[in-house]
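Now for the letters of each chain:
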Amino acid sequence: MDKIVIEGGTPLSGQISISGAKNSALKLMVACLLTDAPFELTNMPNLRDTRFLGQLLENFGVQVNDGVGRLSLHAKNLTSTTAPYDLVRKMRASFNVLGPLLARTHKAKVSLPGGCAIGARPVDLHLSALKSMGANIELDEGYVIASAKGGLRGAEITFPFISVGATEHAMLAAVLAKGETVLNNAAREPEIVDLANCLNAMGANISGAGRSEVIIEGVEKLGGTSYAVVPDRIEAGTYALATATVGGAVRLLNVRSDHLGSLWPLIAQAGAKVTMDENSVLVERHGTPILPVDVETQAYPGFPTDLQAQFMAMMCLADGVSIIRENIFENRFMHCPELSRMGANITVSGREAIIRGVPTLKGAQVMATDLRASASLVAAGMAAEDITEVGRVYHLDRGFEQIEVKLGNCGARIKRVSE
Ligand code: EPZ
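Description of the structure in this document. Quick caveat, the model's predicted, so the values are computed rather than measured. The written sequence of each chain sets the order in which its residues are numbered from 1. Where totals are concerned, whole chains, interfaces and linings use all residues; where local detail is concerned, this predicted model gives features only for residues with pLDDT of at least 70, and gives and counts side-chain atom pairs only at 80 or more. Side-chain numbers come from the whole structure's heavy atoms, not from hydrogens or water.

1. Observations regarding the sheet that holds strand β1 (residues 2–7)
So, step 1. Paired strands are those between which DSSP finds at least two bridges. Every helix listed is a DSSP run of H or I at least four residues long, and every strand listed is a run of E at least two residues long, numbered separately from the N terminus. Here we have four strands laid out as an open sheet, ordered β22-β23-β1-β24, and mixed in their pairing. Both outer strands of the open sheet, β22 (365–367) and β24 (413–418), are each paired with one neighbouring strand and no more. Direction aside, neighbouring strands of the sheet carry axes that sit 25° apart on average.
So, step 2. Where β1 lies against strand β23 (residues 387–391), four bridges are found, and the strand directions are antiparallel. Paired with I4 across the bridge in β23 is V390. For helices, the fitted line uses only the C-alpha atoms of the stretch in contact; every axis is such a line through C-alpha atoms, and the angle between N-to-C directions lies from 0 to 180 degrees.

2. Re the nonpolar core
So, step 1. Joining through side-chain atoms within 4.5 Å is the link that ties buried Ala, Val, Leu, Ile, Met, Phe, Trp, Tyr and Cys residues into a set, and such a set is a nonpolar core. For each residue, the accessible area found with a 1.4 Å probe, counting protein chains only, is set against the maximum for its type, and the residue is called buried under 20%, exposed over 50%, and partly exposed in between. M171 and L199 are the most contacted members of the largest nonpolar core, which totals 74 residues.
So, step 2. In what follows, a contact means two residues having at least one pair of non-hydrogen atoms within 4.5 Å. Every residue in contact with M171, bar those within four places of it in the chain, is listed here: L183, I192, L195, A196, L199, I206, V214 and I216.
So, step 3. I6, A242, A270 and I346 belong to the second-largest nonpolar core, a separate cluster that totals 69 residues.

3. A closer look at unusual backbone geometry
So, step 1. Between Y300 and the following residue, P301, the backbone shows a cis peptide bond with an omega angle of 10°.
So, step 2. Within the secondary structure, P301 sits in the loop between β18 (295–296) and α10 (308–315).
So, step 3. If you check the backbone angles, N43 has positive phi at about 50° while not being a glycine.
So, step 4. A relative accessible area of 27% means that N43 is categorised as partly exposed.
So, step 5. Of note, the phi angle at R392 is positive, near 55°, even though the residue is not glycine.
So, step 6. Here R392 shows up in the loop between β23 and α13 (394–399).
So, step 7. Under the relative-accessibility criterion, R392 is labelled partly exposed at 37%.

4. Concerning the pattern of salt bridges
So, step 1. We define a salt bridge as a contact between a side-chain nitrogen of Lys or Arg and a carboxyl oxygen of Asp or Glu at a distance within 4 Å. Counting across every chain of the model gives 19 salt bridges.
So, step 2. A salt bridge links K221 to D36, with the nearest nitrogen and oxygen atoms 3.3 Å apart. Within this pair, whereas K221 is found in the loop between β13 (214–217) and β14 (226–228), its partner D36 is found in the loop between α1 (22–31) and β3 (38–42), the two being separated by 185 residues in sequence.
So, step 3. Put simply, D49 and R398 hold a salt bridge, and the shortest N to O gap is 2.9 Å. Residue D49 is found in helix α2 (residues 48–59), and its partner R398 is found in helix α13; the two are separated by 349 residues along the sequence.
So, step 4. Look at R398 and you get partly exposed, because its relative accessible area is 23%.
So, step 5. Several salt bridges share partner residues, and in doing so they unite D2, D397, E404 and R416 into one network.

5. Details of empty space enclosed by the protein
So, step 1. Two kinds of site are reported from a 1 Å grid over the protein atoms alone, namely cavities, where a 1.4 Å probe fits but cannot get out, and pockets, open sets with protein on both sides within 12 Å along at least five of seven lines, and residues are called lining when an atom falls within 4 Å of a point. Grid points are joined across faces, edges and corners, and a volume is the space filled by probe spheres set on the points. In the structure shown here, the tally under the stated rule is four cavities of 30 Å³ or more.
So, step 2. As for the largest cavity, its lining consists of T238, Y239, L241, A242, T245, Q310, A375, V378, A379, M382, I403 and L407.
So, step 3. Elements with a minimum of two residues in the lining of the largest cavity: α8 (233–246), α12 (371–383) and α14 (403–408).
So, step 4. Looking at the lining of the largest cavity element by element, the count peaks at five residues for α8.
So, step 5. Think of it as three bins: nonpolar holds Ala, Val, Leu, Ile, Met, Phe, Trp, Tyr, Cys and Pro, charged holds Asp, Glu, Lys and Arg, and polar takes everything else, Gly as well. Within the lining of the largest cavity, the residues separate by chemical class into nine nonpolar, three polar and no charged.

6. Here we look at the site of the ligand
So, step 1. Among the 22 residues in the neighbourhood of the ligand, the closest are listed as D124, S163, G165, D306 and I328.
So, step 2. Residues adjacent in sequence count toward polar contacts only when both atoms are side-chain atoms; beyond that, a polar contact is any pair of N or O atoms within 3.5 Å, and within protein one must be able to donate a hydrogen and the other to accept it. S163 is positioned with one of its side-chain polar atoms (N or O) 2.6 Å from an oxygen atom of the ligand.
So, step 3. Residue V164 places a main-chain N or O atom 2.8 Å away from an oxygen atom belonging to the ligand.
So, step 4. When residues of the shell around the ligand are traced back to their parent elements, those giving at least two are α1, α5 (124–132), α6 (164–174) and α12. In these notes, residues near a molecule or strand are those with any non-hydrogen atom within 4 Å of it.

7. Comments concerning the packing of aromatic side chains
So, step 1. Stacked, tilted and edge-to-face pairs are distinguished by plane angle, under 30 degrees for stacked and over 60 for edge-to-face with tilted covering the rest, among Phe, Tyr and Trp rings (Trp via its six-membered ring) whose centres lie within 6.5 Å. Applying the stated rule across the entire model yields one aromatic pair.
So, step 2. Ring geometry for F303 against F311: centres 5.5 Å apart, planes inclined by 75°, an arrangement best described as edge-to-face. For the pair shown, F303 and F311 are each scored as buried.
So, step 3. By definition, being over a ring means that NZ of Lys or CZ of Arg is both within 6 Å of the ring centre and within 35 degrees of the ring normal. The lysine or arginine in question, K109, covers the ring of Y143, its NZ or CZ lying 4.9 Å from the ring centre.

8. A closer look at the side chain of R285
So, step 1. Assignment of secondary structure puts R285 in strand β17 (residues 281–285).
So, step 2. Positive residues here are Lys and Arg, negative ones are Asp and Glu, while His and the chain termini are left out of the count. Although R285 lies buried, it forms no salt bridge, and the closest oppositely charged side chain, D319, sits 10 Å away as judged by the N-O distance.
So, step 3. Reaching out from R285, the side chain makes a polar contact with the backbone oxygen of T245 at a distance of 3.0 Å.
So, step 4. Side-chain polar atoms of R285 contact the backbone oxygen of T288, separated by 2.5 Å.

All quantities given are derived from atomic positions and should not be read as evidence of function.
Following this line, the structure appears as structure tokens:
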């Protein structure tokens, strides 16, 4: 198994080009199931999760052709509508094939995804949205067996709380339903807007994406398209926070700075300088102390849960005490014991972590526990004295394209080692 070995203490300096967003790409890939026409994604990140979803789509008979930054998907004939447990359990986003399969073929059998390291993560909102659209849903031996005789029909759906996955899933199903679907209390993340833009380019009729009320007028058929995946706001935020944590100056390229509106003021409050122009963001911190900043995670446009661990790595070195509250997932503090192994002083109580900043972190052997937690350990390792070894690197490979190359190009002493 690979590990990442970091010799800390060198400031970062250089440029990092941000890849296409993993969490958008995964839902856009699923959209190929809605049409028998050729479908192409550009600005595609090459990640473990996207390769994995490609395998699941191949299992349905989709022709998958992978190029550099480009992915062609052609779901001309679907030869299966079953997503087996082994293919769904490894990645929860696989569950989102249920709606499109149901919309196009009126039947599907998809394994329930199960929990994961950051929480139980049920799919009740996904299922009740599909039921509102007329799907008949039965659960049998861990599988959702769904059918919609005569096709799905439009419905008014009010989500009891905001869910990114359920909003996307409902959109993916409603585009081919008969009549109008209204989603109330919808998630507003940029990935939702990206999915709506792509579906509209295929001939769908979606309005309001990015707002709490989304209206989808069902159409009979969707065509193919070539669509560029939105830049990854979480990857950009991760490198911005790493720069503020380690010190130095890094310019982020191919970034949508407007998608990180909640992050920039907090980085500035923590003592780093942020300068934006149209397509790039420069983050700098040169020898000034890191200041403590309290933060709580919220649905977009609030501060993203996917940057919470990386923000905590920065606060571990702050000149004072900060409190981080995790409102989205119930178990997303798995990085705390690992950061503590490096000398951080963190006390977790329920959904809050109290971080008492320390002057230095010490390199240690640590373990990646989930994707974003792994990135926080890499940043802490670059800021720490001596050597840090991050194990279970497959978590990082799920969502960060060539992290050691991108950081290495900015002067970090970081390498991947196969054991
Ligand atoms: C997406 O997960 C992202 N994943 C997550 O990124 C991200 O952290 C999350 O949105 C929040 O922004 C992908 O896009 C693939 P939710 P999702 O439905 O859609 C509960 C990463 O590191 N809930 O908005 O699963 C749920 O348990 C990942 O890239 C229900 O109770 O998130 C959670 O507490 C991790 N029932 C809350 O809602 C449901 O039916 C929000 O989850 C659905 C969700």
